[in-house]
Amino acid sequence: ATVALNAAKSYYEEKHDRGSFIKDIISDNIMLGDIYVRAKELRVTADVPRGVFVVRTLKKGESVPTDVIQSLFPDRQNDFVLSIGEGDVVLIRQMPEGSGIKELNKIASSIEEALRAGGEPTVVVGIGTVATHLRDLAKSYKEAQIAIEVGKVFDTEKYVINYENLGIGRLIYQLPTTLC
């Protein structure tokens, strides 16, 4: 009976957890039609602009302190701080209407500076394009990851890399290696 109750409890918590819902969206583990249904159930606004930031440590084996990022963005209703994989933390932040590159860069710089000031491991912050709808979060998340990968090769001195500012590096990165 205990095992069955624990399984039912964890199923219920997972089904009604906003963080796991957002994690499913950015990892493409949810169908498009289900996004609308679950968003309504969990009272997550679907069509507001959101910025997607991937924070990655530069040293292997170290992890990004999620509590520091969570303390910078305490609004748990609209902002999501998710630990993804070994060294990545993703921040999905609701943005004011009409936000652009300048606002995204400002937020990313504040994350990087707060972690550096706290003596935390050196991190790089990748920024995707503004997602105007929940269904665009996965695309923006992939863009933020690409920004970090391209930045490793072309902008080794930068700790905040915006996908929209990658320029020719992004084109070269998308070419097959044999062609390069």
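In the block above lies the structure referred to throughout.
For every chain, the first residue of the written sequence is number 1, and numbering continues from 1 along that sequence. pLDDT decides what is reported in this predicted model: residues at 70 or higher carry local features, side-chain atom pairs at 80 or more are listed and counted, and totals for whole chains, interfaces and linings draw on all residues regardless. Processing note: side-chain calculations cover all non-hydrogen atoms of the structure and skip hydrogens and water entirely.

S.K.: Would you mind showing me how to read the nonpolar core here?
M.R.: Here is a general trend for soluble globular proteins: nonpolar side chains tend to be buried in one another's company. Buried Ala, Val, Leu, Ile, Met, Phe, Trp, Tyr and Cys residues form a nonpolar core when they are joined through side-chain atoms within 4.5 Å. Relative accessibility under 20% of the residue-type maximum defines a buried residue, over 50% an exposed one, and the middle range a partly exposed one, all with a 1.4 Å probe and only protein chains included. Core analysis: the biggest nonpolar cluster contains 29 residues, and Phe21, Ile22, Ile92, Leu134 and Leu137 have the highest contact counts within it. Among the secondary structure elements, those contributing two or more residues to this core are α2 (18-26), α3 (32-42), β1 (50-57), β2 (80-84), β3 (88-94) and α6 (137-154). Top element by residues in this core is α6. It accounts for six residues. Residues are treated as being in contact if the distance between any of their heavy atoms lies within 4.5 Å. Once residues within four sequence positions are removed from consideration, phenylalanine 21 is found in contact with Ile30, Ile35, Arg38, Ala39, Leu42, Val44 and Leu134. Formed by 19 residues, the second largest nonpolar core is a distinct cluster that contains Val81, Val89, Leu104 and Ala108. Note on conventions: DSSP H or I runs of at least 4 residues are helices, E runs of at least 2 residues are strands, and numbering of each starts at the N terminus.

S.K.: When you look at unusual backbone geometry in this model, what are you seeing that I'm missing?
M.R.: Glycine aside, residues mostly have negative phi angles, and peptide bonds mostly take the trans form. With phi around 60°, aspartate 28 is a residue other than glycine that occupies positive phi space. Even without a glycine there, the phi angle at arginine 43 is positive, about 55°.

S.K.: Please clarify how a nonpolar patch on the surface should be interpreted in this entry.
M.R.: For patch detection, residues must exceed 30% relative accessible area and be free of salt bridges, and they are connected within 9 Å for like charges or within 5 Å for nonpolar side chains (Val, Leu, Ile, Met, Phe, Trp, Tyr). The Shrake-Rupley method, run with a 1.4 Å probe sphere, supplies the accessible areas, and residue values consider only the shown protein chains as cover. What makes a salt bridge here is a side-chain nitrogen of Lys or Arg within 4 Å of a carboxyl oxygen of Asp or Glu, nothing more. A cluster of nonpolar side chains, contributed by Val153, Phe154, Ile168, Leu171, Ile172, Leu175 and Leu179, occupies part of the molecular surface with about 690 Å² of accessible area. Turning to its location among the elements, valine 153 is positioned in helix α6.

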